Amino acid sequence: MATGKKRVVAKKQSPADTKVPKMPHGVLTPALSSASVRLHVTGQIKLLNSWVEMPPEMAAAMVAPLTAGPVPGQASAALAGTADALCTRLSPVSTFGLAQLQRLPLDVETSMDPRLQLAVVNRRAGKQSMRVSSADGDSVPVVARVTSHAAWVDIPDVDAGAAIGSADDGTVLVTGRIPLGKAEAIHQHPAVLSMKASQPVRPALDHTLASMGVQADSPALAGTAGGSGVVIGIVDSGGDFAHQNFLKANGKTRLLALWQQGAPARANSPYGYGRLFEAADIDKALAKADPYKALGYDPGPSAHGTHVMDIAGGNGQGSLQPGVAPKADLIFVEMSARDIAWTGHNAVFSSFGDSVQMLEAVKFIFDRAGDKPCVVNLSLGTNGGPHDGTSLVEQGFDALVSQKPNRAIVLAAGNAQEDNTHTAGTAPGNGQLDVPWTLVNGRGGEFELWYGGSHRLRAELLGPDGQVLASVAPGENFPLGAGNGEIAAFLSSRITDPNNKDNVIGIWLAPNWPDGQLTVRLHALTADDVPFHAWLERLDSGQSYFGHPVPSHLLGSLSTGKLSIVVGAYDARKTGEPAASFSSAGPTRDGRPKPEVCAPGVQVKAAQSRTKDGMVKMSGTSMAAPAVTGLVALMLGKAHKEGKKLTIADIRTRLKAGVKPGAGPAGWDPQRGDGRAGSGAI
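Attention in this report is confined to the structure presented alongside it. (Residues numbered from 1 in each chain as written. Predicted model: local features only at pLDDT ≥ 70, side-chain atom pairs only at ≥ 80, totals over all residues. Heavy atoms only, no water.)

**Observations concerning the pairing of strand β9 (residues 231-236)**
Of all six residues that make up β9, six are buried, and the element is covered over most of its length. Side chains Val231, Gly233 and Val235 project from β9 onto one buried face, and the interleaved Ile232, Ile234 and Asp236 project onto a second face that is buried too. Two strands pair when backbone bridges link them, and β9 and strand β12 (residues 329-334) are joined in this way by six bridges, in the parallel orientation. By the bridge assignment for β12, Ile232 is matched with Leu330. By the bridge criterion, five bridges tie β9 to strand β14 (residues 374-378) in an arrangement that is parallel. Its bridge partner being in β14, Ile232 is matched across the sheet by Val375. (Buried < 20%, exposed > 50% of the residue type's maximum accessible area, 1.4 Å probe, protein only. Helix = DSSP H or I, 4+ residues; strand = E, 2+ residues; numbered from the N terminus. Pairing = 2+ DSSP bridges.)

Dropping the structure here:
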């Protein structure tokens, strides 16, 4: 980030304006009305990374606020199956009074990843964390950058996972599980250069094919064979293996494998967790009257992953509407945490899985594809992170697609454009700046702020009356108690992140923290002005928001990698095919132009799980990403048949060069990227 002192007059931002001004000292200029972030019950619910239709009474029930607090010192029964039971989240406080707030004597190493600090503090406060599919309740999944995989495996108490690949500097990216009680010791091991706790993540046709120019009779498809010989990997929730769009003409499955990460482990479980179903297992189940019961896997109704997989590679055998690459082979990985609910009231409070499991899922798909061309779709994400491509997960993505030609990873840009979850500004040298933050629906919130490593900021959390509730200086943390031993808030100020050398301030507020406006006051501790960007973590059941948001830099935090392909959404049904109002705008925090392209993502009709031949409409960048995934599969299929090998750089160049001419502004646009993805890329 630039650190110059030249000041400009702040101006109201539009989604198309990529410049984030330095704000006048002591104030942030409004860019969007905070009135646009109200929780409405309208018969639609935003689940994962898309919108689906549902009855109003069900939608109303799913956004009801929490009413019961936890048993002090432990996760209560009310938390079972919710993301609040995770060790990297705060549990709801049972009682709350500003006068009772006090610092808790819970020391933890401040040089660690702030989310990992929170996990350790939760354990020391007595929280019994939920057991997730890839780790027990006293462990946490991590992704790390280490000197070597062998050194990682040999560290005492580390349960090593996947060796992902090499970072640009030759160090190695790995996954694993570590006991929370040993987190600080493992972090201090000389072989560990960086270690991050897993983040909870959530998933982000009739018009699609025509708009992109890839309908069955399009001349552009000559030689692609519908993506035959290419593997499409889908990492999502609810892959309906029994829907006819994923069957061959002989009734057998098109899936090479299905890995249900949340199921009890078997002998052949990848990385020691979940259940792996091979094609033969699926075919055997398909021969039964109830294939879901026979296989022991049920995708559930209107599953997100089924819809996504159909857009990318459904063959239309049941719905009569094929996806973009109807002859590709398929691999589906259901990311999930074992104890997280997928239906009913708790579903909207659940995380989708975790970022470590996601990285292992992508590694698994590429390994199973072997030498076949392969493209992986990730219609999911999270908000917190550096947004500069240096997160260990994004470095892992870049390493995986660099290892071999004919590989790509496609991600949804996110649907946060109207959520008011990003702000930016400049704290004046030796002065202060207030950042208003509003909580709603009793859900608390999570705040993350990044700024340049050469600067120093002290952060204060102020209550509605301006009272300072907590203060954290650079290199410190602050566990704030509710007066009964429960953690009401956790503040961390980490300096010099090992991956980008920048600084990060994290603030977690527990569910049942009173709704209303708080203030994060930033104090610059040197004479230099301090530019910053801040984000609020996504929480669909009660999204907190900034009082003065800036509608740029809103891409999901896993969607800012150097080599990934990020896709925004447009409305193919409307004249001029405008950008979808919800589609998150770039650029990245370090100024790179992302998303790369856009695709149809509004009211897209594709396969509906549990119907065998039915379809359902969904909207979101989750629907746009798989359209580009299918397009990449067609590109790879044609190149493979011509004996060509495409590097990830080749694939990215072709996609951007092949956009459709016409509607929309010329050149790169914060929501649309370089334009509407089209058959010219093939």
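Additional details are given in the paragraphs that follow.
**Quick word on unusual backbone geometry**
At the junction of Gly586 and Pro587, the peptide bond is cis and its omega measures out at 0° in the coordinates. Inspection of the secondary structure puts Pro587 in the loop between β27 (565-570) and β28 (597-600). Of note, the amide linkage connecting Lys594 to Pro595 takes the cis form, showing an omega dihedral of 10°. Counting through the fold element by element, Pro595 comes out in the loop between β27 and β28. For Lys501, which is not glycine, the phi torsion reads 65° and is therefore positive. One non-glycine residue with positive phi stands out, namely Asn512, at about 80°.

**Description of the packing of helix α8 (residues 304-313) against helix α11 (residues 621-641)**
In the contact formed by α8 and α11, the axes pass within 7 Å of each other and the chain directions differ by 35°. α11 is crossed by α8, and the crossing has right-handed handedness. Side by side, α8 and α11 meet where His304, His307, Val308, Ile311 and Ala312 of the first sit next to Ser622, Met623, Pro626, Ala627, Thr629 and Gly630 of the second. Tallied by class, residues from the contact of α8 with α11 come to six nonpolar, five polar and no charged. (Axes fitted to C-alpha atoms, helices over the stretch in contact; angles between N-to-C directions. Left-handed = near helix turned anticlockwise from the far one by under 90°. Contact = heavy atoms within 4.5 Å. Nonpolar A, V, L, I, M, F, W, Y, C, P; charged D, E, K, R; others polar.)

**Regarding the nonpolar core**
For soluble globular proteins, the rule of thumb is that nonpolar side chains tend to be buried together. Formed by 103 residues in total, the largest nonpolar core has its most connected members in Phe241, Leu378, Ile565 and Val628. For this core, the element with the most residues is α11, which contributes twelve residues. Setting aside residues no more than four positions away along its own chain, Leu378 makes contact with Val235, Met358, Val362, Phe397, Ile409, Val410, Leu411 and Ala412. Core analysis: the next-biggest nonpolar cluster, separate from the first, contains 67 residues, Ala183, Ile186, Phe447 and Leu449 among them. (Core = buried A, V, L, I, M, F, W, Y, C linked by side-chain atoms within 4.5 Å.)

**What about the packing of aromatic side chains?**
Counted under the stated rule, the structure contains nine aromatic pairs. With 6.3 Å between their ring centres and 40° between their planes, Phe241 and Tyr297 make a pair best called tilted. Placement of the pair is Phe241 in the loop between β9 and β10 (255-260) and Tyr297 in the loop between α7 (291-295) and α8, with a sequence separation of 56 residues. Across the pair, Tyr297 and Phe241 agree in class, each one buried. Between the aromatic rings of Trp437 and Phe447, the centroid separation amounts to 5.5 Å while the plane-to-plane angle is 35°, which identifies the pairing as tilted. Here Trp437 is found in strand β17 (residues 432-439), whereas its partner Phe447 is found in strand β18 (residues 445-451), with ten residues between them in sequence. Taking the relative accessible area as the measure of exposure, Phe447 reaches 1% and is therefore buried. Taken together, the ring pairs connect Phe241, Phe277, Tyr292 and Tyr297 into an aromatic cluster. Across the ring face of Phe478, the terminal group of Arg103 is positioned such that the distance to the ring centre comes to 4.5 Å. (Phe/Tyr/Trp six-rings, centres within 6.5 Å; stacked < 30°, edge-to-face > 60°. Lys NZ or Arg CZ within 6 Å of the ring centre and 35° of its normal.)

**Looking at the pairing of strand β20 (residues 468-472)**
Looking down a regular strand, the side chains alternate between one sheet face and the other. Of the pairings in the sheet, the one linking strand β19 (residues 457-462) to β20 comprises four bridges and is antiparallel in character. Across the sheet, residue Glu460 finds its bridge partner in β20, namely Ser471. Following β19, the chain reverses through five residues before pairing antiparallel with β20; Gly466 in that reversal takes a positive phi of roughly 85°.

**Quick notes on the sheet that holds strand β15 (residues 407-412)**
As summarised here, the arrangement of the eight strands in space is β11-β10-β12-β9-β14-β15-β27-β28, forming an open sheet in which the pairing is mixed. The open sheet is flanked by β11 (275-278) and β28, the only strands paired with a single partner. Along the sheet, successive strands turn relative to each other by an average axial angle of 20°, direction set aside. As defined by bridge partners, β10 adjoins β11 across four bridges and the pair is classed as antiparallel. Bridge pairing in β11 links Leu258 to Phe277. Sheet strands in contact with α8 are β9, β12 and β14, and its direction is about 160° off that of β9. Packed onto the sheet, helix α9 (residues 355-369) meets β9, β10, β11, β12, β14 and β15 and runs at close to 160° relative to β14.

**Things to note about the pattern of salt bridges**
According to the stated counting rule, one finds 23 salt bridges in the structure shown. We note a salt bridge from Glu577 to Arg676, for which the minimum N-O separation is 2.1 Å. Of this pair, Glu577 sits in the loop between β27 and β28 while Arg676 is found in the segment after α12 (648-657), placing the two residues 99 residues apart along the sequence. Salt-bridge contacts for Arg592 lead to Asp590; the nearest nitrogen and oxygen are separated by 2.9 Å. Exposure remark for Arg592: the relative accessible area of 19% places this residue in the buried category. Taking relative accessible area as the criterion, Asp590 reaches 38% and is therefore assigned partly exposed. (Salt bridge = Lys/Arg side-chain N within 4 Å of Asp/Glu carboxyl O.)

**Quick notes on α12**
Buried residues of α12: Ile648, Ile651, Arg652 and Leu655, and no others. Around the axis of α12, the buried residues are gathered within 95° of arc, so they sit on the same side. Residues Thr653 and Ala657 are exposed on α12 and point more than 90 degrees away from its buried face. (Arc of directions from axis to C-beta.)

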